[in-house]
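A closer look at the structure
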Amino acid sequence: MTDITIRQATKNDISLVASFLSKAALIHRHLDWRPMLDWIEFEPFLLLFSQEQLCSVLSCAPAPEGIAWIHIFAADHYSTSAEYFSALFTTATNHGALSNHTFCTVGLYEWFNELVVKFGFVKTQDIVVLTRESKTKLEFQREEQVLTRPLELEDLDEVARVDTHAFEPIWVLSREMLELAFRQSEHAAVAELDGKIVGYEISTANHFAAHLARLAVDPTIARKHIGLELVRYMLDYYARRGIQNITVNTQSNNVASLSLYKKLGFTETDETFPVFTFHDR
């Protein structure tokens, strides 16, 4: 490893990185709302060269502040991937922008799971996948005071406030990321109580199925069926389009969320993904 060099990527490297990723042997990509190459604008996005050839890349820019997801890790060979990850991640943890941050990643591949565990990441929970294929309409007593309507761009500051209070820190989306999610959504809605936004929903879809990407309710509001109302509003929209298959992800330790989705007719699948964290001290 004495012949390697590591540096921050720049916009001038976009073509180089794109070409490398098109033929890399191993690629881990975090599933977020920002296109992979757009992360080059955010530090750290590190490039590792050996004998002047690009061999590995790592992106783990903080988003939101205090939390650094591994957005991308790629290597040209399995045999050197652990060495490359160690060199890149050590460089990243010494980056000034990541002082005292919690690093997080979702393990989508066994090779990547083994790699991060070897480096000291600890599994903290699992992401579970649920699905709903029922055509049965939801029956519950609606709260007349709650208004459900389409989400608009000017709502995003309030939506970000709800998001911050509804999720533990590693799952919070920044205002910027929420806007990216909104612009890529097929359907998005907010719930208002006394003129104040107290919940929101964002979902994506293709011609055959939809995915409930985000559902959040102000935790200080109880017994108003806000989550139920937001999902009913979404399901009605997709039913009119002839889409009945809806999926959603949540955390294995989120008892309230699992209970809500099961009440809504979702059932757990066998699909689970481990979540790993590493705290830089």
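Residues numbered from 1 in each chain as written. Predicted model: local features only at pLDDT ≥ 70, side-chain atom pairs only at ≥ 80, totals over all residues. Heavy atoms only, no water.

Right, let's get into the nonpolar core. Within the largest apolar cluster, 43 residues are counted, with the highest numbers of intra-cluster contacts made by Phe45, Leu47, Val57, Trp69, Leu151 and Tyr200. Setting aside residues up to four positions removed in sequence, Leu151 forms contacts with Leu156, Val159, Phe182, Ala188, Ala189, Val190 and Tyr200. One finds Phe85, Phe112, Leu115 and Phe278 within the second-largest nonpolar core, a separate group that totals 26 residues. (Core = buried A, V, L, I, M, F, W, Y, C linked by side-chain atoms within 4.5 Å. Buried < 20%, exposed > 50% of the residue type's maximum accessible area, 1.4 Å probe, protein only. Contact = heavy atoms within 4.5 Å.)

Summed over all chains, the structure comprises 15 salt bridges. When the shortest N-O distance is used, the salt bridge between Arg175 and Asp157 registers 3.0 Å. Taken together, the residues span a long stretch of sequence, with Arg175 in helix α5 (residues 175-183) and Asp157 in helix α4 (residues 156-166) at a distance of 18 residues. As a salt-bridge pair, Glu186 and Arg241 come within 2.9 Å of each other at their nearest N and O atoms. Of this pair, Glu186 sits in the loop between α5 and β10 (187-193) while Arg241 sits in the loop between α6 (226-240) and β13 (245-251), placing them 55 residues apart in sequence. Residue classification places Arg241 among the partly exposed residues on the basis of a relative accessible area of 38%. Linked through salt bridges whose partners overlap, the residues forming this network are Asp157, Arg175, Glu179 and Arg183. (Salt bridge = Lys/Arg side-chain N within 4 Å of Asp/Glu carboxyl O. Helix = DSSP H or I, 4+ residues; strand = E, 2+ residues; numbered from the N terminus.)

Pairing in this open sheet of five strands is antiparallel, and the strands run β1-β3-β4-β6-β2 from one edge to the other. The open sheet has two free edges, formed respectively by β1 (4-8) and β2 (26-29), since each of these has just one partner strand. The sheet shows a mean angle of 15 degrees between the axes of neighbouring strands, direction not considered. Taken strand by strand, helix α3 (residues 110-119) contacts β2 and β6 (72-75), and its axis lies near 80 degrees from that of β2. (Pairing = 2+ DSSP bridges. Axes fitted to C-alpha atoms, helices over the stretch in contact; angles between N-to-C directions.)

Among the residues of α5, those classed as buried are Met177, Leu178, Ala181 and Phe182. Each buried residue of α5 sits inside an arc of 145 degrees when the element is viewed along its axis, so together they form one side. (Arc of directions from axis to C-beta.)

None of the figures reported here should be taken as evidence of function without further support.
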